[in-house]
Amino acid sequence: MSLALLCPGQGGQHPAMFARVQGDAAAEPILRYAADLLQEAPEALAAGQARFDNAIAQPLVCAATLATWAALRARLPSPGLVLGYSVGELAAHGVAGSVTPQVCLSLSRARAACMDAASPADGGLLAVIGLSRRRIERLCEACAVAVAIVNGEDHFVLGGREAGLQAAQREAEALGARTLRLPVHVPAHTPWLAQAADAFARTLQDAAVRVPALDVLAGIDGHRIVSREDVIRSLSRQLAQPVDWHGVMAQAIERGARVLLEIGPGSALARMARQAYPDCEARAVEEFQTLEGVVDWVVSALERQAMH
């Protein structure tokens, strides 16, 4: 039974997202580099509405994830897997050693710039819960939107332009689905960002990228990353292809992950994992008041799972 780390994407940013790592000696260098990169302290940016702007959001999410892991790493068993959701996949490679924290944060800024340059001005994302894949595909065709993320058998995120997203939201709700517009202003993981995928691939080729020291599963199909070229290919292709988080989680469980810890802002990934795999134990760092509480829970959860 092994520990898997879950690295979230955008959407869960909030003013207190750096609170647990403030003053931590291991996290401080990452926070300083993020401040230099963004020309403002990350905790100050997290307190304002700029935290949802793509160019700010992606570095903030990666900085919070990497700083949290830096603060926890010496106190936890080595994870068997690292999984990343959207930009969280880039953070996962920072956690796993494919890139240094500094390179990861620089790449997060470049990734956002590539996406913003390729995105239509009225792009965005819409979560839809309660429709089958077949229904979703028909809805996408009718409304000129595309599947961006597969979270479950009836849980999808759709990407597209404003008119199409509005039409898809009306149609989905008429069919009985629950919907939610996400605070992301680009149609990530859809063909609208094909140019961004090409541009980010070129950026990654020129970056200091290496084979991860920990196992990372690719977001587009759940395969284990095995080479530098594989890192570059998976991180760039996911900008314009759907993220199959449902499949990634299935692969993680098949590979023995039974204790799952979400280490970035928010708790959505841990919540989805608990719902989909009730025999596993999944929590988010943000569900605990202190990092010591996180460590105690992980150690106890691994012991409990070993007894099953």
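Let us look at the structure shown here. Please read these numbers as outputs of a predicted model, since none were measured by experiment. (Residues numbered from 1 in each chain as written. Predicted model: local features only at pLDDT ≥ 70, side-chain atom pairs only at ≥ 80, totals over all residues. Heavy atoms only, no water.)

**Quick look at the side chain of glutamine 10**
Stage number 1. As for its position among the elements, glutamine 10 is in the loop between strand 1 (2-7) and helix 1 (28-38).
Stage number 2. Engagement of the side chain of glutamine 10 in a polar contact is seen with the side chain of asparagine 54, the distance being 2.9 Å. (Helix = DSSP H or I, 4+ residues; strand = E, 2+ residues; numbered from the N terminus. Polar contact = N/O pair within 3.5 Å; in protein donor to acceptor, adjacent residues only side chain to side chain.)

**Re the packing of aromatic side chains**
Stage number 1. Here the structure, examined in full by the defined rule, presents two aromatic pairs.
Stage number 2. A ring pair is formed by tyrosine 85 and tryptophan 245, whose centres lie 5.4 Å apart and whose planes are at 75°; its orientation type is edge-to-face. Note that tyrosine 85 is positioned in the loop between strand 2 (81-84) and helix 4 (87-96) and tryptophan 245 in helix 10 (residues 245-254), a separation of 160 residues in sequence. Tryptophan 245 matches tyrosine 85 in its accessibility class, with the two residues each being buried.
Stage number 3. Here the aromatic rings of phenylalanine 288 and tryptophan 297 are separated by 6.1 Å at their centres, their planes lie at 45°, and the arrangement is tilted.
Stage number 4. You can call tryptophan 297 buried: its relative accessible area is 10%.
Stage number 5. The lysine or arginine in question, arginine 283, covers the ring of tryptophan 297, its NZ or CZ lying 6.0 Å from the ring centre. (Phe/Tyr/Trp six-rings, centres within 6.5 Å; stacked < 30°, edge-to-face > 60°. Buried < 20%, exposed > 50% of the residue type's maximum accessible area, 1.4 Å probe, protein only. Lys NZ or Arg CZ within 6 Å of the ring centre and 35° of its normal.)

**What to know about the pairing of strand 2**
Stage number 1. Here strand 2 shows no split at all, with Leu81 and Leu83 on one side and Val82 and Gly84 on the other all buried.
Stage number 2. When strand 1 meets strand 2, the two strands line up parallel, connected through four bridges. Bridging from a neighbouring strand, alanine 4 pairs with leucine 81 of strand 2.
Stage number 3. Note that strand 2 and strand 7 (residues 216-217) share two bridges and pair parallel. Among the inter-strand pairings, valine 82 is bridged to a residue of strand 7, identified as valine 216. (Pairing = 2+ DSSP bridges.)

**Quick look at the sheet that holds strand 5 (residues 155-161)**
In a beta sheet, neighbouring strands pair by backbone hydrogen bonds and run either parallel or antiparallel.
Stage number 1. A sheet is described by the order of its strands in space; here four strands give the open sequence 4-5-3-6, paired in antiparallel fashion. Two strands in the sheet have a free side with no partner beyond their single neighbour: strand 4 (146-152) and strand 6 (178-181). Mean inter-strand twist for the sheet, computed between neighbouring axes without regard to direction, equals 20°.
Stage number 2. Packing of helix 6 (residues 133-143) onto the sheet brings it into contact with strand 3 (123-129), strand 4 and strand 5, and relative to strand 5 it is tilted by some 5°. (Axes fitted to C-alpha atoms, helices over the stretch in contact; angles between N-to-C directions. Contact = heavy atoms within 4.5 Å.)

**Concerning helix 5 (residues 101-118)**
Stage number 1. Taking 1.5 Å per residue as the helical rise, helix 5 with its 18 residues ought to reach 26 Å, and the 26 Å between its terminal C-alpha atoms agrees with that figure.
Stage number 2. Within the span of helix 5, buried status applies to Cys104, Leu105, Leu107, Ser108, Ala110, Arg111, Ala112, Cys114, Met115 and Ala118.
Stage number 3. Tucked into the core, helix 5 has its buried residues touching helix 1, helix 3 (54-72), helix 4 and helix 8 (194-205). (Expected span 1.5 Å × (residues − 1).)

**Side note on helix 3**
Stage number 1. Helix length check: helix 3, at 19 residues, gives a terminal C-alpha distance of 27 Å against a target of 27 Å (1.5 Å per residue), a fit within 8%.
Stage number 2. With 18 of 19 residues buried, helix 3 lies mostly within the body of the structure.

**Some thoughts on the packing of helix 1 against helix 5**
Stage number 1. At their nearest, the axes of helix 1 and helix 5 sit 10 Å apart, and the two run at 30° to each other. When the axis of helix 1 is compared with that of helix 5, the two are roughly parallel. You can see that helix 1 and helix 5 cross each other, and the crossing is right-handed. Where helix 1 approaches helix 5, its residues Ile30, Tyr33, Ala34, Leu37 and Leu38 are matched on the opposing element by Pro101, Gln102, Leu105, Ser106 and Arg109. (Parallel < 35°, antiparallel > 145°, perpendicular 65-115°, else oblique. Left-handed = near helix turned anticlockwise from the far one by under 90°.)

**Focus on the nonpolar core**
Within soluble globular proteins, side chains that are nonpolar tend to cluster in buried spots.
Stage number 1. Ranked by internal contacts, the top residues of the largest apolar core, which has 100 residues, are Phe18, Leu72, Val82, Leu83, Trp245 and Leu261.
Stage number 2. With twelve residues, helix 3 is the single largest residue contributor to this core.
Stage number 3. Discounting residues that sit within four places of it in the chain, leucine 83 has contacts with Leu5, Leu6, Cys7, Ala92, Leu217, Trp245, Val248, Met249 and Ala252.
Stage number 4. Val128, Ile136, Cys140 and Ala177 belong to the second-largest nonpolar core, a separate cluster that totals 16 residues. (Core = buried A, V, L, I, M, F, W, Y, C linked by side-chain atoms within 4.5 Å.)

**Some remarks on the sheet that holds strand 1**
Stage number 1. Read across the open sheet, the five strands follow the order 7-2-1-8-9; overall the sheet is parallel. Two strands close off the open sheet at either side, each with one partner strand: strand 7 and strand 9 (281-284).
Stage number 2. Against the sheet, helix 4 contacts strand 1, strand 2 and strand 7, and its axis sits at roughly 155° relative to strand 2.

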